[in-house]
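Spelled out, the chains give:
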Amino acid sequence: MQRPVEIEFAGMVEKTADSKGRLYLLQIRPIVDRKESVDEAVMATPDDRLLLKSSTALGHGTIEGVKTVVYVRPDKFSSSNNSLIAREMEKINRGFLERDERYILIGPGRWGSSDTALGIPVKWPAISAARLIVESSLPSYRIEPSQGTHFFQNLTSFGVAYFTIDTAASRNA
């Protein structure tokens, strides 16, 4: 890959003298290594002036030119509608692509999960115009975040940021 990587592997050790065991590579992902420095003024912004704040993020740097937030409203959310939300996201994203615009995407559960009980089952083309993808929790819908694994290669390749926001934890959002 010509860059630092993260490797996930599993091993099996045999307890016999003639066995060397086995090593299985499960996943290999490039590590994003951008040399952009963090703007200290941004880091010092008071919480009451922030739209989002996350202690769990993938990617770093500056995202410019984003004017729109696409937000799955918690007061209207029902996980039984996750497949419908995925289809609606595909239409919304298509409009952004046609206008050559980008957006921030915020919603509960795991974006890209194939299990509709865990999140909104979108494929990458249905959210490809997003520049920041946020997986949030709700008091009645606390799903362990995907940490970007469903779209990791796309996130790193296209410089898309990923946040996890736990609304029940000490006021992240």
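The numbering scheme is per chain: residues are counted from 1 as the chain's sequence reads. Per-residue local features of the predicted model are confined to residues with pLDDT of at least 70, and side-chain atom pairs are confined, for both listing and counting, to 80 or more; whole-chain, interface and lining totals are unaffected and use all residues. In computing side-chain values, all of the structure's heavy atoms are included and hydrogens and water are not.

> Please provide a residue-by-residue account of the packing of aromatic side chains, values included.
To pair, rings of Phe, Tyr and Trp, with the six-membered ring standing in for Trp, must have centres within 6.5 Å; the planes then decide the type, stacked if under 30 degrees apart, edge-to-face if over 60, and tilted in the middle. One pass over the full model with this rule turns up 1 aromatic pair. Aromatic side chains Phe96 and Tyr103 sit 4.5 Å apart centroid to centroid with 40 degrees between the ring planes, which places their arrangement in the tilted category. Each residue is placed in one exposure class: buried if its accessible area under a 1.4 Å probe, protein chains only, is under 20% of its type's maximum, exposed if it is over 50%, and partly exposed if it falls in between. Judged by its relative accessible area of 5%, Phe96 is buried. By relative accessible area, which is 0% here, Tyr103 ends up buried. Ring-over charges, as used throughout, are those where CZ of Arg or NZ of Lys falls within 6 Å of the ring centre and within 35 degrees of the ring normal. Its end group placed over the ring of Phe96, Arg99 keeps NZ or CZ at 4.8 Å from the ring centre.

> Before we move on, could you go through a nonpolar patch on the surface and cite the residues and values that matter?
By definition, no residue in a patch forms a salt bridge, and every one has over 30% relative accessible area; like charges are joined within 9 Å, nonpolar side chains (Val, Leu, Ile, Met, Phe, Trp, Tyr) within 5 Å. All accessible-area figures derive from a Shrake-Rupley calculation using a 1.4 Å probe, and residue coverage is judged against the displayed protein chains alone. The working definition used for a salt bridge is a side-chain nitrogen of Lys or Arg within 4 Å of a carboxyl oxygen of Asp or Glu. Among the surface-exposed residues, Ile7, Phe9, Leu23, Leu25 and Ile28 lie close enough to one another that they form a single nonpolar patch of about 560 Å² accessible area. Here a helix means four or more residues in a row that DSSP labels H or I, a strand means two or more in a row labelled E, and each is numbered from the N terminus. Where the nonpolar patch is concerned, the elements lending two or more residues are strand E1 (5-12) and strand E2 (22-30). Of the residues forming the nonpolar patch, the biggest block, 3 residues, is contributed by E2. Counting through the fold element by element, Ile7 comes out in strand E1.

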